[in-house]
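A look at the structure
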Amino acid sequence: MNKRLLSVLFSAALAVGHAGGVMAGELTVDEMQAELDAATPEQPADFSGHDLRYLDLSDMDLAGANLAGADLSNARLENTRLEGASLIGAHLDSAWLNGADLSNANLSGATFSQAQLATARLGSANFSHADLSGAAFVDAALANADFTGANLEGTDFAGAELTGTRGLEAVPGQAASNG
């Protein structure tokens with residue numbers, strides 16, 4: 001076998017092996033539910049770093065779960081309970097979180113580009129340094145949320161409750177509603 005063909009085969013094997021690793025990291029909704037069922041307040045469910053893209057997690061109870069660094073891009077989380085969850089550095093780009101409860105969740109450094117959060121409950125959530133570009137918080141409850149250092153370019157807060165929020169001073173038209 002010549003060296004060029006051997007090199008191509010080796011590269012293909014690496015690519016297949018890498019794809020296998022990604023697939024092994026993905027979880028199904030049933031696997032997530034089993035982990036949630038086994039979780040305790042002392043040892044919450046841990047989905048940190050997992051590839052959860054495109055999953056339909058609507059109506060699930062993920063309160064207190066560790067989703068730090070997880071990829072939830074394009075996931076459906078409608079009416080999902082994420083109260084007190086850790087989503088530090090998570091990817092929620094184009095995710096549907098309409099009606100979700102993210103009260104007291106830590107979303108610092110997370111990305112929400114083009115995410116839908118209509119009527120979501122986000123009181124006291126930490127969005128510091130998050131990327132919220134193009135996200136829609138229409139009619140969302142955001143009282144006491146922290147947006148310090150967040151990218152808010154194109155973010156829609158129409159009808160949102162913004163009492164006591166921090167970090168919205170630079171958003172045109174929001175400062176008057178804030179505090």
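Heads up: these notes are all about the structure in this document. Here, residues in each chain are numbered from 1, in the same order as that chain's written sequence. Note on the predicted model: pLDDT of at least 70 is required for a residue's local features to be given, and 80 or more for side-chain atom pairs to be given and counted; whole-chain, interface and lining totals, by contrast, use all residues. Working from all heavy atoms in the structure, the side-chain values ignore hydrogens and water.

**Examining the overall build of the chain**
Numbered from the N terminus, helices here are DSSP runs of H or I no shorter than four residues, and strands are runs of E no shorter than two. Check the secondary structure of the chain and you find 2 helices and 0 strands. Burial here depends on accessible area, computed with a 1.4 Å probe over protein chains only, as a share of the maximum for the residue type. Under 20% is buried, over 50% is exposed, and the range in between is partly exposed. Counting only residues that meet the buried cut, the chain has 40% of its 179 residues in that class. Contact between two residues is taken to exist if any of their heavy atoms lie within 4.5 Å; hydrogens are not considered. A sequence separation of at least 24 residues applies to 6% of the contacts in the chain between residues at least 6 apart. Note on areas: Shrake-Rupley with a 1.4 Å probe; residue coverage comes only from the protein chains shown. In the structure as shown, the chain presents an accessible area of about 8,900 Å², 53% of it carried by carbon and sulfur atoms.

**Quick notes on unusual backbone geometry**
Its identity as a non-glycine residue notwithstanding, S94 has a phi of 60°, on the positive side. Mapped onto the elements of the fold, S94 is located in the segment after helix 2 (29-38).

**Digging into the nonpolar core**
Nonpolar side chains tend toward joint burial in soluble globular proteins. The term nonpolar core refers to a set of buried residues drawn from Ala, Val, Leu, Ile, Met, Phe, Trp, Tyr and Cys, joined through side-chain atoms within 4.5 Å. Membership of the largest hydrophobic core comes to 49 residues, with the highest contact counts inside it found for L97, F112, F127 and L142. Among residues more than four places away in sequence, those in contact with L142 are L122, G123, F127, F137, F147, F157, A160, E161, L162 and T165.

**So, the side chain of T165**
Mapping T165 onto the fold places it in the segment after helix 2. We classify T165 as buried; its relative accessible area is 4%. As used in this structure description, the phrase polar contact means that two N or O atoms lie within 3.5 Å; if the pair is within protein, one of them must be able to donate a hydrogen and the other to accept it, and residues adjacent in sequence are counted only when both atoms belong to side chains. A polar atom in the side chain of T165 sits 2.9 Å from the backbone oxygen of L162.

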